[in-house]
Amino acid sequence: MSIDDSSQVPVRVWDLPTRAFHWLLVISVLALIITGHVGGSALDWHLRLGLWVGALLVFRLVWGLVGGRWSRFASFIYAPATVIRFLKGQHRPGDHFEVGHNPLGSFSVFALLALLIVQVGTGLVSDDEIATTGPLNRFVSSAAGLTATHWHKDAGQWLLIALVVLHLCAIAFYKLRGHNLVPAMITGDKTLPADVPASTDSPATRVVAAVVLALCLAAAVWVSRLGG
C-alpha cells in the first residue's frame with residue numbers, strides 16, 4: 001500500500017553538528033590518504049590531520065550519546081532479529097528504516113568509525129624508522145610501534161580505502177533506486193510521514209556541540225605534546 005504524499009512533510013533527521021562532522025570527516029580522510037601516499041614533508045600534515053580526525057571521532061562518540069535523535073547510536077543499533085527482518089523486507093510499523101541509518105547502513109557506519117579509530121590509534125604509536133614517529137610512540141615498545149606502523153601503512157590503509165569505496169557504491173546504489181541520500185546530509189531534512197519524530201537541532205544543542213568539539217580538540221593538542 002502506498003503512502004499518501006500529502007501526509008509527507010520535511011523532517012529534521014540530521015542535526016547540524018552531525019552534518020558538519022560528516023563532511024569534515026570526508027574531507028579529512030581524503031587528505032589523510034593523499035598525504036600518506038605523498039610522504040616526505042607531507043607526513044607532518046598527515047600527523048596533524050590524524051590528530052584532527054581523532055578529535056572528530058571522539059566528538060562523534062560523544063554526540064552518538066547526546067546528539068539529535070537519529071544521530072544517537074541507540075537509533076541504529078539493531079537486534080539480529082531486526083536485521084533479518086530488514087533483509088527479508090518484513091518491515092513493521094515503527095521500524096523507521098527509511099529515516100536514519102538502516103541495518104546495513106549502520107554496519108557501514110560502525111565499521112568505518114571502528115577502523116578510523118584503529119588507524120588513528122596505530123598512527124599515534126607508529127614509527128617509520130626514518131624521521132616520523134607518532135606522539136605516543138615512546139609509551140610503547142619498539143616491537144609494538146613497528147607492528148602498529150605495519151598495520152597502519154598496509155592492511156589498515158587499504159581496508160579503509162575499500163570501506164570508503166564500498167560506502168560510495170552503496171550511495172550510488174540507493175541513488176539508482178530512487179533514494180538520494182546526499183541531500184539530507186546537506187540540508188538535514190528528509191520528506192517523511194508527519195508522525196516521524198524529528199531530531200533536535202536548536203541553537204542550544206549547536207552550542208553544546210561546539211563546546212564538545214573544542215574539548216576534543218584541546219585533548220588532541222595535549223596528546224600531540226606528549227611526544228616531546
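Please refer to the structure placed before this passage.
Residues numbered from 1 in each chain as written. Predicted model: local features only at pLDDT ≥ 70, side-chain atom pairs only at ≥ 80, totals over all residues. Heavy atoms only, no water.

## Digging into unusual backbone geometry
Phi at H96 is positive, roughly 55 degrees, even though this residue is not glycine. Here H96 shows up in the loop between α3 (80-88) and α4 (103-124). (Helix = DSSP H or I, 4+ residues; strand = E, 2+ residues; numbered from the N terminus.)

## Quick notes on the pattern of salt bridges
Evaluation of the coordinates by the stated rule reveals 5 salt bridges. The salt bridge partner of R206 is D201, with a shortest N-O separation of 3.0 Å. Classification of R206 by relative accessible area gives partly exposed; the value is 35%. D201 sits in the buried class, given a relative accessible area of 15%. Among the charged side chains, a network of salt bridges with common partners joins R12, R19, D189, D201 and R206. (Salt bridge = Lys/Arg side-chain N within 4 Å of Asp/Glu carboxyl O. Buried < 20%, exposed > 50% of the residue type's maximum accessible area, 1.4 Å probe, protein only.)

## Observations regarding the side chain of H101
Structurally, H101 can be placed in the loop between α3 and α4. Setting aside residues no more than four positions away along its own chain, H101 makes contact with W14, F76, Y78, S106 and V109. (Contact = heavy atoms within 4.5 Å.)

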